[in-house]
Amino acid sequence: MRVNRISRARRHAALGVSVAALAAGVTTGAGPAAAQPKAAAAAAAECSAAYKIEQKLSSGTTWRMCWRYDSNAGLVLENISYQPKGEASPIKVLNSARLGQIHVPYDDGSVEYDDLTGFGFAQGLMNLDPGECPGGTIKTVKVPDSWDPDHPNVNGLCTTTRSRGHAYRMQGDSANKVYQAQGKDLLVYSVNQVGWYEYMTEWRFQDDGTITMNLGATGSLSYEDYDAGDGRGWPIGKGPRAQATSHSHNAFWRLDFALDGSSKNRVEQYDSTVTAAAQGQQAATVKTTRTPVTKELAGDAKSYRWWRMVSAVGKNKDWHPRSYEIVPGPSTKYPGRSFTKHDVYVTEYNQCEQFASNNTGNCGAGAGKSVDKWVNGQTLTHPVVWMNVGFHHIARDEDQQPMPVHWQGFSIAPRDVTAMNPLTPAELAGQNGHWEPGS
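The structure reproduced in this document is the subject of the present report. Keep in mind the model is a prediction, meaning the values are calculated, not measured.

1. Examining a nonpolar patch on the surface
Part 1: A surface patch of nonpolar side chains, about 280 Å² in accessible area, is lined by Val274, Val286 and Tyr304.
Part 2: Tracing the sequence through the fold places Val286 in strand 15 (residues 285-293).
Part 3: Relative accessible area serves as the criterion here: at 48%, Val286 is assigned to the partly exposed category.

Okay, structure coming up:
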């Protein structure tokens, strides 16, 4: 049922996955920069104009970054900084951000794929129609190792802005005034074809400092991937005979943080314990415990647990350390491989550790080819985050034709990056901390 696959054998030469893929590029918009209190100001994105993305959103927030195209990972974003209104200089957030793997095992055990390093994901970059990038810019990408060396350039990278609905709404005690704002995002995305699937790699940079990473799968159900009813598929079409083969999409992202321009960030885990209400109490009590993560981590998301990456050098205007919280999205964890058994991995930076499975980097004998093998007790001085978000695809009649996009992803949200909501209206700027009406 692995949609968009050419066949179980995945003969990708034929059926040519859309010849060129992202490799070289152009950029988009321009604009100011965003918040950075205490710490050396983050330098502007270090790249030529063709590879620079700079967008000032209507709310006053500016995002800056560089982009490049990798022969395995596809789109890579680097030197990402955020500058909300009122901040004198940009705040650097990430050295780099990209996909770390798309692992696709079939339910019947017949095949599994590592789409980034084993099936030409990057070379499958698709040309985008102008209607797919409304109000934005489509940039030209030179695809490395293109399947058509004579035509390596693809109009495959969209940068545009989108509204996301309410950023906030507050009426307070009086009906005389309503404070509300509609949030705006910088959207950066590309589409890569792998067999019958078309993957939409989407990055949303919000005006409140949040970054959301999504992978969408669309295209077609592969007409060859039907098991005729071995119990591991779903009947598609007339009657019960043709059953599309079920499979999983285990998507990994690799984030190299550099808060306030430094790679020496701290990792913290928070767990809350709920205890039933004691006599005389109206509600249960909740105690939250902070645990510094000093060694490499293989972690699991659960209720009342979260992680954050903390700046080692920068503080906001309230003198609180800046940090970004990891916000996992819905996930179906796949237990069939050791590297998919955890939701988040934090490893010490190693240049050879590039992909969560079927790694192409040469890490030496005994180093292992997957991210779980790299969690071996090293002290974290330059932590790298690997997020694993799974989706179990059991097809349905509505998946044809074409198949609606199904999304998987997660976010990182600012925590104390600015002293107040970066979108605070000027009239409320004095209401910071323990203020009282009329004060």
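2. Re the pattern of salt bridges
Part 1: A full pass over the atoms with the stated rule returns 21 salt bridges.
Part 2: Arg164 serves as the salt-bridge partner of Asp207, at 2.9 Å between the closest nitrogen and oxygen. Taken together, the residues Asp207 in the loop between strand 9 (197-206) and strand 10 (211-219) and Arg164 in strand 7 (residues 153-170) connect sequence positions 43 residues apart.
Part 3: Each member of the salt-bridge network shares a partner with another, and the members are Arg164, Asp185, Glu202, Arg204, Asp207 and Asp208.

3. A few points about unusual backbone geometry
Part 1: Cis geometry marks the peptide bond from Gln400 to Gln401, where omega comes out at 0°.
Part 2: Looking at the element boundaries, Gln401 is found in the loop between strand 20 (383-393) and strand 21 (403-415).
Part 3: In this structure, the amide linkage connecting Gln401 to the following residue, Pro402, adopts the cis form with an omega of 10°.
Part 4: Residue position: Pro402 is located in the loop between strand 20 and strand 21.
Part 5: One non-glycine residue, Asn79, lies in positive phi territory at about 50°.
Part 6: Examined against the element boundaries, Asn79 turns out to sit in strand 3 (residues 74-83).
Part 7: In this structure, Asp416 takes a positive phi of about 70° despite not being glycine.

Cut-offs and rules
- Residues numbered from 1 in each chain as written.
- Predicted model: local features only at pLDDT ≥ 70, side-chain atom pairs only at ≥ 80, totals over all residues.
- Heavy atoms only, no water.
- Patch = residues over 30% accessible without salt bridge, like charges linked within 9 Å, V, L, I, M, F, W, Y side chains within 5 Å.
- Areas by Shrake-Rupley, 256 points an atom, 1.4 Å probe, with all protein chains shown as cover.
- Salt bridge = Lys/Arg side-chain N within 4 Å of Asp/Glu carboxyl O.
- Helix = DSSP H or I, 4+ residues; strand = E, 2+ residues; numbered from the N terminus.
- Buried < 20%, exposed > 50% of the residue type's maximum accessible area, 1.4 Å probe, protein only.

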